[in-house]
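What the coordinates show
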Number of protein chains: 2
Amino acid sequence: MLSEKVDYDLILVRYGELSLKSRYVRRYFENMLVRNIKNVFRRHGLSCRVEREWGRIYVFTDNVSSGVDLLRRVFGVVSVSPAFRTVSSMDSVSKLAVGVSKKFLCGDMSFAVRVTRTGCHVFTSRDVAVRVGRDVAAVTGARVDLDRPDFELFIEVRDDVSFLFTEKIVCVGGLPVGTQGRVLVLVDSFYSILAAWYMMRRGCDVVFVVVDDSFLSCLDSFLSKWNMESKIISANVSCRVDLYSMLDRFFLDEGCDAIVTGYSMYMHSDDVLSSIMLLKKHVGHLFLHPLICFDREMMDQKLREIGVLV
Amino acid sequence: MLSEKVDYDLILVRYGELSLKSRYVRRYFENMLVRNIKNVFRRHGLSCRVEREWGRIYVFTDNVSSGVDLLRRVFGVVSVSPAFRTVSSMDSVSKLAVGVSKKFLCGDMSFAVRVTRTGCHVFTSRDVAVRVGRDVAAVTGARVDLDRPDFELFIEVRDDVSFLFTEKIVCVGGLPVGTQGRVLVLVDSFYSILAAWYMMRRGCDVVFVVVDDSFLSCLDSFLSKWNMESKIISANVSCRVDLYSMLDRFFLDEGCDAIVTGYSMYMHSDDVLSSIMLLKKHVGHLFLHPLICFDREMMDQKLREIGVLV
């Protein structure tokens, strides 16, 4: 839905969950997120300058549209808005709003102005909304409709700087990769890749152990889609016991915290718990089975969502 | 959406997933599902007679409306339809359809007739749809609209017996409880109850170990809502190590296949993997953490859906 009609100044990046954490942990998570964002932009040859303040990251790039597309798939990013920036005066905010609205609005449309404000100013949020609403209506001929507008203008006045945007684009959410340890994912079905995706979304670095090379091309396209540079180990084993001892070794070699499978109850065999127990018996480390309670429909739908199944 | 306007003959019960299984396993699962359905009806003092055929269960009860309400929350039931039954002749099917439609339809509404047929008959599905459509239109004055009808009439012709229904009510789905082993759930937060719900939905019998009596009332109301008669063990322990040894004992005493927690990454502590590892170190059995990749929003929403949070 990103409009191509206008040249945005920057991208507002929102991240969630971190508000639960202490200041110290939060700073660590933010650093990781900024690092991941910069890496993704660099890998795609896009310019990227990041500014940040409490609870918010601002990304400046030459290509906002492509930047938004990348940010959609950065774990930890909850939503983004391509935005304009100006100084926090009534005149300049209104001038910007009118300029932007002229590109989007015409006489038979309705619009609403939503204002939030933090800091110390001589005007209130309501003052801004009233003034901008009046000016935009006068220039475009559009009418104000606060309940079901065709078009919304969001204005955030933050101390000396104000931001204006027209859409919030939902992104993948979760936690920045690298904040939650490292896991070894046993790839023996497409569902393993889904399990890996869920672990990445919860902030884990992932190392893949692929037992059948036919999964490699799928895994490659998955990783490139999600902009991940994970290590892939090909383990062509002749029997399960060999696999178990290999898993054991890879786990230690790679300094992992857990081994992850794509197993779910009732998919793999009539008695999944016994199979898992067998695995556990042979490999002493911590196992996680994030899909254990998923049913097939949920998994297939999610695999399509993340671009593994088509 | 169950209409109170008519007296239904029976409830059609659909269950999924089982089609993946061998005939033998499928029969075992069906038996378990029928047993669970009968138990729930008996516990609520509702009459219940069950007939079944390949892939379908028919429940006859004096109170179809209450029966549907119970079946919504029986694990393994994918959807239900309150339905009418008649012999598979054009005349009787059409007569029934006209009788039912008169209660629901009036002249300014549109309707569609959807017919499926299995078995050997002198007419096709299309013949039935055409005849019923014509008769219903003639009597009610409503018009046929196959694309966006106000009202749908579903007719299933199955050998000698035909069924007619007007809605499919989505139920909880999953697998019949009792088909997938027995798990011990450590209740140390509301999320543990959610984890238990997911395990039940995948067919597991659940035994609860409650470490804090303040969860008991919530657990009671959860179990009664979902019609489960699970064992609850109160374990008031002074330290974690006591808890670990108790879990070990309960696991063996109760003949469990796994210990389940409601742990998720980033909820419990900054380093959930380490906490899980600690648990694992002290208790030798198989652990499952079905919520490990859930974020808080997903969990809270699901808790509300299953009636634990309000």
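Residues numbered from 1 in each chain as written. Chains lettered and ligands numbered in written order. Predicted model: local features only at pLDDT ≥ 70, side-chain atom pairs only at ≥ 80, totals over all residues. Heavy atoms only, no water.

**A few points about the nonpolar core**
How we decide: Each nonpolar core is a collection of buried residues, namely Ala, Val, Leu, Ile, Met, Phe, Trp, Tyr and Cys, held together in the definition by side-chain atoms within 4.5 Å. Exposure classes here rest on a 1.4 Å probe applied to the protein chains alone. A residue is buried below 20% of its type maximum, exposed above 50%, and partly exposed in between. In this description, contact between two residues means that some pair of their heavy atoms is separated by no more than 4.5 Å.
Membership of the largest hydrophobic core comes to 120 residues, with the highest contact counts inside it found for F208 and F222 of chain A together with F208 and F222 of chain B. If we skip the residues at most four places from it in the chain, F208 of chain B touches V185, V187, A196, M200, L219, F222, L223, S230, K231, I232 and I233 of chain B.

**Some words on the packing of aromatic side chains**
All names here are of chain B. Heads up, the rule is: Here a Phe, Tyr or Trp ring, Trp counted by its six-membered ring, pairs with any other such ring whose centre lies within 6.5 Å, and the pair is stacked when the planes are under 30 degrees apart, edge-to-face when over 60, and tilted otherwise. Counting from the N terminus, the helices are the DSSP runs of H or I reaching at least four residues and the strands are the DSSP runs of E reaching at least two.
Under the counting rule described, the total for this entry stands at 22 aromatic pairs over all chains. Note on Y58 and F163: the rings are 4.8 Å apart at their centroids and 10° apart in plane angle, and the pair reads as stacked. Of this pair, Y58 sits in strand β3 (residues 56-60) while F163 sits in strand β8 (residues 161-165); the two residues are 105 residues apart in sequence, bridging distant segments of the chain. You can call Y58 buried: its relative accessible area is 2%.

**Points about the packing of helix α3 (residues 90-104) of chain B against helix α4 (residues 125-140) of chain B**
Residues and elements named next belong to chain B. Our working definition: Under this scheme, a helix contributes an axis fitted over its contacting stretch, all axes are lines through C-alpha atoms, and angles between N-to-C directions fall in the 0 to 180 degree range. Our angle categories are set so that under 35 degrees counts as roughly parallel, over 145 as roughly antiparallel, 65 to 115 as roughly perpendicular, and the remainder as oblique. We call a crossing left-handed when the near helix sits turned anticlockwise from the far one by less than a right angle, and right-handed when that turn is clockwise.
The N-to-C vectors of α3 and α4 enclose an angle of 40°; their axes lie 9 Å apart at closest approach. Looking at the two axes, α3 sits oblique to α4. The two elements α3 and α4 cross, and the hand of that crossing is right-handed. Residues M90, D91, V93, S94, A97, V98, S101 and K102 of α3 touch α4, and the partners they reach there are D127, V128, R131, V132, D135, V136, V139 and T140.

**Some remarks on the pairing of strand β10 (residues 182-187) of chain A**
Residues and elements named next belong to chain A. To keep it simple, the criterion reads: Crossovers are marked right-handed if the path from the first strand over the helix to the second runs clockwise, as seen with the strands pointing away from the viewer. Pairing between strands is defined by DSSP: at least two bridges between them are needed.
Burial analysis of β10 places five of its six residues in the buried class, which makes it a mostly covered element. Since β10 and strand β11 (residues 205-210) lie parallel, the crossover through helix α5 (residues 190-201) that links them has a hand, and here it is right-handed. Direction of pairing for β10 relative to strand β13 (residues 258-260): parallel, over a ladder of three bridges. When the sheet's bridge partners are listed, V185 is paired in β13 with V260.

**Details of the side chain of E254 of chain B**
All names here are of chain B. To be explicit about the condition: Here a polar contact is recorded for every N or O atom pair within 3.5 Å, except that within protein the pair must consist of a potential hydrogen donor and a potential acceptor, and residues adjacent in sequence are included only if both atoms are side-chain atoms.
Residue position: E254 is located in the loop between α7 (240-253) and β13 (258-260). With a relative accessible area of 14%, E254 lands in the buried category. In this structure the side chain of E254 is engaged in a polar contact, spanning 2.7 Å, whose partner is the side chain of K231. Setting aside its immediate chain neighbours within four residues, E254 contacts R182, V207, K231 and I233.

**Some words on the pairing of strand β1 (residues 10-14) of chain B**
Sheet faces and side chains relate simply in a regular strand, where the side chains alternate between the two faces. Residues and elements named next belong to chain B. Among the five residues of β1, five are classified as buried, and the element is accordingly described as predominantly covered. Along β1, one buried face is formed by L10, L12 and R14 and the opposite face, lined by I11 and V13, is buried too. Pairing geometry for β1 and strand β4 (residues 79-87), over five bridges, is antiparallel. Each residue of the ladder has a partner; that of V13, found in β4, is V80. One ladder, built from three bridges, connects β1 with β3; its direction is antiparallel. For I11, the partnering residue across the bridge sits in β3 and is V59.

**Here we look at the domain arrangement of chain A**
Residues and elements named next belong to chain A. Filter applied, for reference: A domain assignment, automatic or from a database, supplies the domain bounds used here. Accessible surface is computed with a 1.4 Å probe, and the buried area is the amount of it that two parts give up when combined, taken over both parts together.
Splitting chain A by domain gives domain 1 (10-170) and domain 2 (182-305). Taking only C-alpha atoms, the centre of domain 1 and the centre of domain 2 are 39 Å apart. Contacts between domain 1 and domain 2 engage seven residues on the former and nine residues on the latter. Each partner contributes to the roughly 810 Å² buried at the junction of domain 1 and domain 2, and carbon and sulfur atoms together form 53% of this total.

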